[in-house]
Amino acid sequence: MSRTADTHDSIDPPEITAESIQHLDDPRFTSENVAIVTGAASGIGRATALVLAANGLTTIAADVDEDGLHETAAKADDLAVEGVLETVPCDLTDDAEIEALVETAADAGQLRYVANIAGIQHIASIESFPMETFDLLYRVMLRAPMYLTKLALPHIRAADDGVGAIANMASVHGHYATRDKVAYNTMKFGLRGLTKSTAAEGNGNIRAFSVSTGYVKTPLVLDQIADTADERGITEREVVEDVMLGQARTSEMMEPVEAGNLFAFGLSRHGKHLNGDDLLWDGGFVNTYE
Ligand code: NAD
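Everything quoted here is computed from the prediction, not taken from an experiment.

Colleague: Looking at this model, I keep getting lost on the site of the ligand. Mind explaining?
Modeller: Near the ligand there are 29 residues, and of these Ser42, Asp63, Tyr184, Val216 and Thr218 occur at the shortest range. Contacts to the ligand include Asp91, whose side-chain N or O atom sits 3.1 Å from a nitrogen atom. One of the side-chain nitrogen or oxygen atoms of Tyr184 is found 2.5 Å away from an oxygen atom of the ligand. Summarising the interface, the protein chains cover 90% of the accessible area of the ligand, which totals 830 Å² for the free molecule.

What follows is the structure, given as structure tokens:
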């Protein structure tokens, strides 16, 4: 398959630089206003927390992985972000911890934004899929976003202008299904339903949208490349192009900061007319074939 050329090496772990962060002109992007970002100890969640903090917001970076959160905070210091990045350990399978997270965010200023990004994967056929694993993916990837939305909405409605937004990390797997990912596919389709339901009750002031990407260069994905190459007897470049990029017309996977920039754009005033739908940034993966 021919693809557009790109100068990056696909397999390099990406570094978030100040230059890679998109800065948006939005009067609400100040440290009085607060964004919760889940999954902020790694990958796309970390990048999104850094982008929002660099855009001036007070960002509550939440994750179950405390070591990873410390690295996110250190990176915020390196980047000298304009806003504030505060870390909050939170296990999204625990309702009391979700409640405490929202309370911390509300104490930090005017809660306006939530980015539900935390996620996990499990590969198994439907017949062999462990039900407790299905329940775990449900709790982290669908129930927790719903509960965070439920708890955040009253805070956002109480803002002087009632403006805010909830963003949910979906995937190309929220558009089609691949085999052996029944829980992941189901939760990503479910998140798109949660997004539309939130838009329906947001009265236009409180918007909701999802972000769908193909494979992004996060530790989770990059760590699979060497093993997959060994298993299939192909080169690492072939894993990237033939397995991970699939039908996409681009030759490189996205970087986490590019996904973070999308979240910031959608949450900002520039996303004013984005409500209930999805930012499908997949290099053509879903909509092209052969
Ligand atoms: P990642 O593994 O780098 O980050 C996921 C984070 O979620 C981790 O820091 C992990 O600790 C956190 N998490 C897991 N369980 C948790 C829990 N119980 N409580 C709190 N936090 C928990 O993964 P990533 O690649 O950055 O993926 C982030 C999101 O993006 C996921 O929802 C994933 O489905 C989605 N996504 C990823 C890709 C990709 O190619 N990387 C593509 C499309 C969508």
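On we go from here.
Colleague: What's the story with the environment of Val172 in this structure? I'm lost.
Modeller: With respect to the element layout, Val172 can be found in the loop between strand S5 (164-169) and helix H5 (182-201). Val172 gets classed as buried once you look at its relative accessible area, which sits at 3%. Contact partners of Val172, with chain neighbours within four places excluded, come to Ser212, Thr213, Gly214, Leu280, Asp282, Phe285 and Val286.

Colleague: Would you take a moment to explain the packing of aromatic side chains for this structure?
Modeller: Where two aromatic rings form a pair, the distance of their centres and the angle of their planes describe that pair. The tally for this structure, following the rule as stated, stands at three aromatic pairs. On the basis of an interplanar angle of 90° and a centroid distance of 5.8 Å, the ring pair of Phe29 and Tyr113 is categorised as edge-to-face. Of this pair, Phe29 sits in the segment before strand S1 (33-38) while Tyr113 sits in strand S4 (residues 110-116), placing them 84 residues apart in sequence. Each member of the pair, Phe29 together with Tyr113, is buried.

About the cut-offs
Residues numbered from 1 in each chain as written. Predicted model: local features only at pLDDT ≥ 70, side-chain atom pairs only at ≥ 80, totals over all residues. Heavy atoms only, no water. Near = heavy atom within 4 Å. Polar contact = N/O pair within 3.5 Å; in protein donor to acceptor, adjacent residues only side chain to side chain. Areas by Shrake-Rupley, 256 points an atom, 1.4 Å probe, with all protein chains shown as cover. Helix = DSSP H or I, 4+ residues; strand = E, 2+ residues; numbered from the N terminus. Buried < 20%, exposed > 50% of the residue type's maximum accessible area, 1.4 Å probe, protein only. Contact = heavy atoms within 4.5 Å. Phe/Tyr/Trp six-rings, centres within 6.5 Å; stacked < 30°, edge-to-face > 60°.

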